[in-house]
Structure formats: C-alpha cells, structure tokens
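Close look at the chain arrangement
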Amino acid sequence: MKKYSVHLSIGLVSLLTIGALAACGNSNAAEEATVVKLGVVGEQNEAWEHVQEELKEKEHIDLQLVKFTDYRQPIVALEDGSIDLHAALTEIFMDNVNEESSYSNTTIAYTTLNPLGIYSEKISDISALADGATVALPNDVSNESRALLLLQTAGLITLDADKGLLPTTSDVTDNPKQLNFELLDANQTARALTDVDISLINNGMAVDAGLIPTEDAIYLEPVADSSQPYYNVIAARADEKDNEVYQTVVKYYQTDEVKAIIEDVTKKSSIPVWE
C-alpha cells in the first residue's frame, strides 16, 4: 500500500511538472508574438485583414486593426503612442496636421490612390448642375482644397492659382453658377446627399456608404503625375520609421495578392501605387 502511495505521489508530481512546463511554454509562445496596432478609417479593410492573417501565420506578428471614424484621429493616436502605425490618410492631409500640431507622423510606404468623387441624387451629369446649387465639401484643410480643385477641374469654379494645393472657399475667384458651399466633416458628406445638390465625398467614405466611385460618381478625380500628394500612406512616428517589424508589415501589404483584393473590393476605384 505504501509503495502504491509513493508511485501515486511521483506520478502526480510528474503530471504537475508537465502541466507547469506546458503552461510556461504557452506563455512564452504568447509573449513571442509582436503586437502592432494599425489605425484605419472605415469598414472596408479586407486587404489589411489578409495581411493580418499572413503576418500571424508566417511572422508571428499580431497586427491589430484599430478603427477610427475620422481622418485626424489616427494621426493623434500615433503621436501619443496609442497605435504604432496608421494607413488611412493622404500624405498631404497628414503633413498638414503635422505642421499645425508639430507632430512627427512620417511616411514609410505608399498604399493606394483613392480618387475623390462628385456625387448627386439629383443630377446624373455635372453639366446639369443648376445655378445657385448647394455643394457639400469636407471641412478639413487638405480635403476642402482637394474638393475645390476638383470643382475647378470640372469647370465649375476658378481658384487663385497662387494658393497652390491648399485653396479655401475664400480663394474662389470666379463662381459663374453662384454655387453655395456647405462645409461638413468628411464622414458626413455622404449622408448629406439627400440635402444638397452635389457632394464631394472621399473614396473610403463613399465605399462605406455603399457607393462605387467608378460607377456612382458623376465626376471622378482624374489620375495624373500631380496626384502624388493624394497618395495614401502607411505612417509611423519619425523615430521608428526604420523599425524592422514595421517594414515587414509594409512588405506583406505591398504584394500582388493585396493588389488583387483592393481592385476586387473597390471595383478598381482604389489604385495601388507602390510600384
């Protein structure tokens, strides 16, 4: 009987030891995963979800998508350390916020060009826009400017050329149709469609609202060499721009597989620009 008890005790200790080692092993495995928090805007994140799976399986990187509802929030979150990277903004928008707030958000790679569009529930051709029409524009500096430049390209207004890429409504020098401009948060421009004659809507916001830019816009921003300021970026803090883990994230994003996902999900409304 004593012999049996001794054997039982030894067996129990062995099991406990194995259990402890297994728990320790699991703990170490969990600790080995490198967490990277990536800020995004909107709900269309299929490309990043693919990258997320690939990084987890092949690099043991836990890419966590942190969703925001406007374009400024990821910049602030990156600056204060709440996230490690963001991938939702044009370079010109980010640079403008950096300058205003003395932030250090820094481009480490390009992703897509997402052409801005003019949308309407009242007309199907931009030439049919009536005199005195109400026009909704995004209200942040770079997107307001981009929208005004698009209206100029469409032949609706003329802007002060000295203002370059950053004109405001006060820089409209000719407005033959006497258009009325209504400035809204970018995430409200799609909702405003029922209340205005035309609305200039960022590509991502349009897609989230169920619109297909290449099909539903009555006028779409042309793509040219001058489009580079509107390229979307992957950004990190300046002192981490060469971080090897972040560069691995870039490597897994800039692939033919991701390009195919982007083109499929956006119906070719978003254009990969890393080549």
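The coordinates are above.
Described below are features of the structure shown in this document. (Residues numbered from 1 in each chain as written. Predicted model: local features only at pLDDT ≥ 70, side-chain atom pairs only at ≥ 80, totals over all residues. Heavy atoms only, no water.)

**Structural notes on the nonpolar core**
What tends to happen in soluble globular proteins is that the nonpolar side chains get buried as a cluster. Among the nonpolar cores identified, the biggest contains 27 residues, and Ile-118, Leu-151, Leu-156, Ile-157, Ile-198 and Leu-200 are the most heavily contacted of them. Those elements giving two or more residues to this core turn out to be strand E6 (134-138), helix H5 (141-153) and strand E10 (198-201). For this core, the element with the most residues is H5, which contributes five residues. (Core = buried A, V, L, I, M, F, W, Y, C linked by side-chain atoms within 4.5 Å. Buried < 20%, exposed > 50% of the residue type's maximum accessible area, 1.4 Å probe, protein only. Helix = DSSP H or I, 4+ residues; strand = E, 2+ residues; numbered from the N terminus.)

**Digging into the sheet that holds strand E9 (residues 180-184)**
Strand order in the open sheet formed by five strands is E9-E6-E10-E5-E11, with mixed pairing between adjacent strands. On the outer flanks of this sheet lie E9 and strand E11 (219-220), each paired with one strand and no other. Here two bridges tie E6 to E10, and the two strands are oriented parallel to one another. Along E10, the bridge assignment pairs Val-135 with Ile-198. Strands strand E5 (117-119), E6, E9, E10 and E11 of the sheet are contacted by H5, whose axis makes an angle of about 140° with E6. (Pairing = 2+ DSSP bridges. Contact = heavy atoms within 4.5 Å. Axes fitted to C-alpha atoms, helices over the stretch in contact; angles between N-to-C directions.)

**What to know about a nonpolar patch on the surface**
On the surface, a nonpolar cluster with roughly 210 Å² of combined accessible area is contributed by Val-141, Leu-165 and Leu-166. When you line up the elements, Val-141 lands in helix H5. A relative accessible area of 32% places Val-141 in the partly exposed class. (Patch = residues over 30% accessible without salt bridge, like charges linked within 9 Å, V, L, I, M, F, W, Y side chains within 5 Å. Areas by Shrake-Rupley, 256 points an atom, 1.4 Å probe, with all protein chains shown as cover. Salt bridge = Lys/Arg side-chain N within 4 Å of Asp/Glu carboxyl O.)

**Brief notes about unusual backbone geometry**
The phi dihedral of Gln-178 falls on the positive side, at around 55°, and the residue is not glycine. As for its position among the elements, Gln-178 is in the loop between strand E8 (172-174) and E9. Owing to a relative accessible area of 55%, Gln-178 belongs among the exposed residues under this scheme. Of note, the phi angle at Lys-267 is positive, near 55°, even though the residue is not glycine. Position of Lys-267 relative to the elements: it lies in the loop between helix H9 (256-265) and strand E13 (271-272). Of the residues examined, Lys-267 reaches a relative accessible area of 45% and is grouped as partly exposed.

**Brief notes about the sheet that holds strand E2 (residues 61-68)**
Spatially, E2-E1-E3-E12-E4-E13 is the arrangement adopted by the six strands of the open sheet, whose pairing is mixed. With one partner strand each, in any of the chains shown, E2 and E13 form the two edges of the open sheet. Bridge count between strand E1 (residues 34-41) and E2: eight bridges; the pairing is parallel. Residue pairing for E2: Val-40 is matched across the bridge by Lys-67. Sheet contacts for helix H4 (residues 91-101): strand E3 (85-90), strand E4 (105-113) and strand E12 (231-237); angle to E3, the most-contacted strand, approximately 105°.

**A look at H4**
All buried positions along H4 are accounted for by Glu-91, Ile-92, Phe-93, Met-94, Asn-96, Val-97 and Asn-98. Looking at the buried residues of H4, the elements they touch are helix H3 (72-80), E3, E4, H5 and E12. Backbone geometry just downstream of H4 places Ser-102 in the positive-phi region, at approximately 60°.

**Things to note about the packing of helix H2 (residues 46-59) against helix H8 (residues 244-253)**
When two helices pack together, their arrangement is given by the angle between the helix axes and the distance between those axes. At a minimum axis separation of 9 Å, H2 and H8 run at an interaxial angle of 120°. Viewed along their axes, H2 and H8 adopt a mutual orientation that is oblique. Taken as a pair, H2 and H8 cross one another with a handedness that is right-handed. Contacts between H2 and H8 involve Ala-47, Trp-48, Val-51, Glu-54, Leu-55, Lys-58 and Glu-59 from the first element and Thr-248, Val-249, Tyr-252 and Tyr-253 from the second. Here the residues of the contact of H2 with H8 sort into seven nonpolar, one polar and three charged. (Parallel < 35°, antiparallel > 145°, perpendicular 65-115°, else oblique. Left-handed = near helix turned anticlockwise from the far one by under 90°. Nonpolar A, V, L, I, M, F, W, Y, C, P; charged D, E, K, R; others polar.)

**Quick notes on the packing of aromatic side chains**
Throughout the structure, instances matching the rule amount to four aromatic pairs. Ring centres 6.1 Å apart and planes at 65° place the aromatic pair Tyr-71 and Phe-93 in the edge-to-face group. Highlighted residues: Tyr-71 in the loop between E2 and H3 and Phe-93 in helix H4, separated in sequence by 22 residues. Taking relative accessible area as the criterion, Phe-93 reaches 6% and is therefore assigned buried. Every member of this aromatic cluster is reached through a ring pair, and the members are Trp-48, Tyr-253 and Trp-274. (Phe/Tyr/Trp six-rings, centres within 6.5 Å; stacked < 30°, edge-to-face > 60°.)

These figures capture arrangement, not role.
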